[in-house]
Each structure stands twice: as structure tokens, then as C-alpha cells.
Amino acid sequence: MACCGVALASVGLVASPSALADYPIASHRYLADPASLVHDGRVYLYGSNDDDNVKADGSDDGYKMASFVAISSSDMKNWTDHGEVIRVPRDASWAANTWAPSLVERNGNIYMYFANNGSGIGVAKSDSPTGPFRDAKGSALITSSTPGASGQNIWLFDPGVFIDDDGQAYLYFGGNGEQNARVIKLNNDMVSVSGSASTITIPYFFEASWMHKRNGVYYLSYSTNPANGMRIDYLTSSSPTSGFTHRGTVGPQPPKNNNNNNHAAIFEFGGSWYHAYHNRSVANDAGEPPGYRRNLGIESFTYKEDGSIVPVTYTTDGLKQVKNLDPYARVEAETFNAQRGIETEPCEEGGMNLSNIEDGDWVRLRGVDFGEGAESFSARVASAGQGGSIELHLETPDGTLVGTCAVAATGDWQTWGDTSCAVDGATGVHDLYLVFTGGDSYLFNVNSWQFSPIGGEGAGEGATVGSTSGGGDGSVSGVGGGVGSGSSSSAGSGGAASTGTATGGGSPSSTSAAQASSGGTSGGESGDPAGCSCRAASRAPSGGALALTALLAASLGLRQRGRRGRRPGVTS
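Residues numbered from 1 in each chain as written. Predicted model: local features only at pLDDT ≥ 70, side-chain atom pairs only at ≥ 80, totals over all residues. Heavy atoms only, no water.

**Here we look at the packing of aromatic side chains**
1) Next: Counted according to the given criterion, the structure contains 21 aromatic pairs.
2) Next: Here the aromatic rings of Trp 273 and Tyr 303 are separated by 5.7 Å at their centres, their planes lie at 80°, and the arrangement is edge-to-face. With Trp 273 in strand 19 (residues 272-279) and Tyr 303 in the loop between strand 20 (295-301) and strand 21 (331-332), this residue pair connects regions lying 30 residues apart in the sequence.
3) Next: For Trp 273, a relative accessible area of 11% corresponds to the buried category.
4) Next: For Tyr 303, a relative accessible area of 13% gives the class buried.
5) Next: Each member of the aromatic cluster is reached from another via a ring pair, and the members are Tyr 219, Tyr 234, Trp 273, Phe 301 and Tyr 303.
6) Next: Seen from the ring of Tyr 303, Arg 214 lies directly overhead, with NZ or CZ sitting 3.9 Å from the centre. (Phe/Tyr/Trp six-rings, centres within 6.5 Å; stacked < 30°, edge-to-face > 60°. Helix = DSSP H or I, 4+ residues; strand = E, 2+ residues; numbered from the N terminus. Buried < 20%, exposed > 50% of the residue type's maximum accessible area, 1.4 Å probe, protein only. Lys NZ or Arg CZ within 6 Å of the ring centre and 35° of its normal.)

In C-alpha cells, the structure reads:
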């Protein structure tokens with residue numbers, strides 16, 4: 001995480017057809033400086049929340065990140081938005097910023113290391129990967145007074161935590177000079193240091209230290225300085241603290257990153273190795289100022305027989321889906337691969353929900369396995385507006401229509417009810433689009449959805465897709481049953497919309513106190529209203545912003561800020 005925007009000479013990057021990469025992911029958010037955590041069959045990525053860098057009027061506010069957002073996936077293609085998992089000073093009173101997270105699991109807790117801009121490093125912890133994370137120490141862990149941490153114009157930031165096979169934990173940090181990389185041992189409590197930090201001399205070192213180990217070899221990766229392209233290079237050693245040799249490049253300066261700061265995480269999942277990074281493709285393609293608005297990307301990579309890394313190349317949609325999505329388990333609506341016009345916000349039933357939905361907005365789910373066929377669809381919905389419909393299309397937003405569910409008004413944006421409809425023609429594996437249609441104002445919110453198989457007793461026998469924690473049971477009850485609150489409407493494909501009786505508050509233009517106080521965590525914890533993750537808008541860019549087809553532009557999740565108070569009238 002650099003604290004400066006550096007423009008370099010343009011570098012032409014040509015992506016190999018065989019490259020396995022996806023960008024952007026979580027295209028409805030501005031996130032940066034990814035850190036990875038593999039937990040219970042899912043990959044969690046945590047990012048500096050660049051939505052904090054955008055003023056209410058849509059203008060830049062510099063690097064002001066004061067929260068982290070978590071997303072996760074079990075198939076490397078569809079990602080669940082878990083919202084904000086920490087915000088300062090609410091969750092660490094001594095800190096003003098959260099830059100560049102790093103996480104590790106130990107003794108039933110997950111420890112999150114973060115930078116308070118460039119002035120020091122703190123640590124928070126939680127018993128859940130989706131938080132909430134709270135200050136674990138009460139003060140900074142690393143400051144200029146930490147033995148061995150001082151240096152010439154050193155940036156005390158970009159922590160990289162690593163636990164070796166023998167149980168010893170290390171923290172790598174520092175920036176702004178070849179002599180400014182540091183490593184220090186952590187005690188078993190993970191919230192105190194042991195001894196003095198030592199210097200690792202790194203060629204071209206700028207920032208973003210990250211350690212991983214493979215086949216007994218230690219790989220220390222980092223961002224090079226502006227003069228060397230801000231690419232991700234790496235060193236190797238037989239020791240975690242010394243004896244490093246420069247081996248080459250993990251990945252060049254990412255495409256659509258404006259030759260600006262770079263930051264990457266490396267992790268193993270399901271026997272494959274991955275490289276998560278950020279670029280600025282969403283802002284660039286939406287015609288927005290890209291300096292402080294970054295987004296996440298990810299690719300896989302391989303090693304040669306000698307242990308060296310085959311440098312990655314970049315494509316927008318090359319990453320292999322490792323397993324199909326089960327539509328017969330309840331799916332959190334904030335789980336998707338791509339989107340048009342979508343926002344998320346904390347849900348009073350726990351977790352997050354889709355919000356601020358307008359006519360023509362959609363989400364795409366990749367690789368949905370309907371097996372021998374689905375016979376019905378149900379969704380958990382809320383609307384203080386006019387309601388609308390959820391259309392179920394295969395392969396494209398205007399592809400085969402297999403069902404239409406009407407959504408009636410429930411009286412409030414957090415008063416949740418259920419709707420269901422018949423499904424016809426959904427068999428085998430397909431990409432699924434949930435296309436939202438209705439009038440010319442905000443339609444409804446969606447919390448979760450699921451299908452029922454042909455001849456089945458109903459959906460919900462499997463585990464919830466994308467759910468890890470949170471308040472409320474999130475159940476879908478009374479699907480296709482009688483109408484609550486005395487309202488219903490035709491469901492297009494034979495279903496009926498029904499409303500629930502839960503209480504709630506808020507609206508698309510004014511988030512409820514309960515939503516805002518949750519801070520976006522899946523646990524629905526109370527906190528600063530600034531924690532609302534739904535402040536940012538998302539729409540497709542205006543004409544001429546992309547030299548792509550309209551559908552491709554939409555599928556990349558391009559958006560335009562400031563949607564809350566106005567309807568830009570932009571279509572994909």
C-alpha cells in the first residue's frame with residue numbers, strides 16, 4: 001500500500017491466452033491491498049476499503065481507508081461480500097487508519113495485522129473470519145520505538161504475518177527503500193514481539209512484503225519501486241530471516257493499474273497456487289478518477305522444477321472454477337461473480353443483502369449445477385417501494401427465461417418476507433442471471449435465494465452458500481404459501497409473492513440505524529454509522545468508456561458513483 005500515486009511510463013502488457021486470471025472480482029466495491037486466509041474450505045480475501053477514499057460528492061479524498069472488507073469463495077469464481085469486518089477508531093481506539101491487512105489463524109482465533117497509515121502496525125482478533133475484529137492489544141504493536149524498526153525514511157506499514165512449520169510466528173513489514181524491509185518474531189500470544197527486528201536487504205524494495213513457504217523454501221515477495229515498474233518480485237531462502245536471493249518476478253505491473261502502487265498475496269487452495277492483487281480496472285472503465293479507487297483481481301500460477309515461479313500474465317476471465325455452485329442450498333444474495341448496478345448493505349437478519357436495486361440490474365452466478373432439473377425458486381425479499389420481479393435467465397441477462405418471481409411491497413427495506421415461483425427448463429450446468437425488473441425507482445432488497453429440485457421436498461437441505469456467521473436464522477419459510485400482510489401479486493411463472501412480518505428500518509436513500517450501526521460485519525455488531533457499506537453506488541459506465549461490447553462491459557461490473565441520490569440513466 002503506497003501512500004503516494006506514482007505515474008510511470010506506459011508499459012504494454014499482453015495477456016497470454018493460457019493465463020488463468022480474473023479481474024475484477026467483487027466489482028461492486030473498491031478494495032485494495034489483498035490479504036488471504038484459507039479457512040474451512042473457503043478462501044477469504046480482505047482488502048483496504050477504498051470506498052473510504054471517496055467523498056459523499058464522489059470526489060477523491062486521498063488514502064483515508066479506515067476499514068477492511070472481507071469477501072470469500074469456495075469455488076474461486078463466485079464471491080460472497082461479508083461487508084466491513086473492522087473499522088477504526090471504533091474497533092481500535094488508538095488508530096486512525098487501516099491499511100493493508102494480513103491475517104493468520106492460531107489457537108481458535110484469527111489475528112489481523114494492519115497499518116495505521118505509515119506510522120505503525122496494530123493487531124486485532126476475532127473467532128470468526130467474518131469478524132467482528134477488535135483491538136487485541138490496546139496500542140500499536142510496531143512503532144518507531146520497536147527495537148530494530150527504525151530506518152531512513154522507513155514506512156512502518158504493510159505487515160505480512162507468517163507461522164512457520166515449527167510454530168514460530170514472524171511479522172514482515174516496512175517500505176520505501178532497499179534497507180527498509182524488516183522481520184521480527186512474534187510471541188505465541190501473537191500480540192507481542194520477541195527481540196529486535198532485523199533488516200532484510202531487498203533489491204528494488206518499495207513495499208508489500210509477503211511470505212509463503214513451499215517444499216521447504218521460503219518465498220518473500222514484494223512490490224518493487226517506481227523505477228522498476230512496481231511489479232511483484234520475490235526472493236528465496238532456506239531461512240525465514242536471512243540468506244535471501246533474488247529469483248525474479250511473480251507478476252508484472254497489472255493491467256489497468258495506471259502504473260501505480262501494487263500489492264499482492266500468495267496462497268494455496270485445493271492444491272493450486274494463487275496470486276491476489278489489485279488494479280484500477282473498475283474506475284478506469286467507469287470513467288472515474290482511478291488514483292484512490294482500486295479493485296481486486298486474482299490468478300493462478302505454477303512453479304518450475306527448480307522451484308522458481310512462472311511469472312503470471314493477466315486475463316479478465318481465465319481462472320478455473322474449482323467446483324460447481326449448488327442451487328439447492330440457500331445462497332446468500334450477496335454471492336455473485338459479476339453484476340450490473342448492484343450495491344450491498346448490512347442486513348438485519350444477519351450478513352449482507354443486495355440493496356438499491358433498479359430496473360435492469362442483475363447478478364451473475366457462474367457454474368450453477370441444476371442436475372436433473374429445478375421445479376421452483378424462492379427468495380427472501382424486502383421492499384418499502386413498489387416491488388418488482390426477479391427474472392431467472394440462463395447464460396446471459398436476456399438468455400433462456402426459466403422463471404419469474406414477483407416481489408410485493410413488504411412495507412420496509414428491512415421487513416423480510418418470501419416469494420417463490422415455478423421453474424421450467426433449468427437442468428445441467430449453466431451460468432445463472434438474476435435480473436431485476438420493475439418501475440422507475442428502487443424496487444426491493446434481496447437477502448438470499450435457493451431452488452428446489454424436481455420431485456424434491458423443498459430446498460435447503462445443503463449448507464448455506466456463502467454464509468459463515470451472523471444474526472438471524474436467515475431461513476426461507478412459507479415459500480409459495482399464503483400472503484402475509486395482506487398483499488400479493490402474480491408471479492409470472494405460477495408463483496406467489498408473500499411478505500413477512502419482521503421489523504426493520506431504512507430506505508435506499510437513508511440506511512436504518514440498525515443497518516448503519518452494524519458496521520457491515522456479518523455478526524451485526526453495533527458501531528459507528530460510518531461503517532455502512534452501502535454508501536457507494538454502482539452502475540455501468542457512460543458510452544465510450546470502453547472499447548468492449550456492451551454485454552462484456554456490463555459483465556465486468558462497471559459502475560458509476562453517486563447513484564444513491566440520483567439515477568444516472570446509464571444502461572449496459
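Having seen it, we continue.
**Things to note about the state of the cysteines**
1) Next: Applying the stated rule across the entire model yields one disulfide.
2) Next: Between the sulfur atoms of Cys 405 and its disulfide mate Cys 421 the distance is 2.2 Å. Taking the sign of the S-S torsion, about -95° here, the bridge from Cys 405 to Cys 421 comes out left-handed. Taken together, the positions of Cys 405 in strand 29 (residues 400-407) and Cys 421 in strand 30 (residues 412-422) put the pair 16 residues apart, joining distant regions of the chain. (Disulfide = S-S within 2.5 Å.)

**Here's the deal with the confidence of the model for the chain**
1) Next: Of all residues in the chain, 76% attain a pLDDT of 70 or more, and the chain-wide mean is 83.
2) Next: Below a pLDDT of 50 lies the segment residues 468-572, which in the model reaches 285 contacts outside its immediate sequence neighbourhood of four places, other chains included. (pLDDT = per-residue confidence, 0-100. Contact = heavy atoms within 4.5 Å.)

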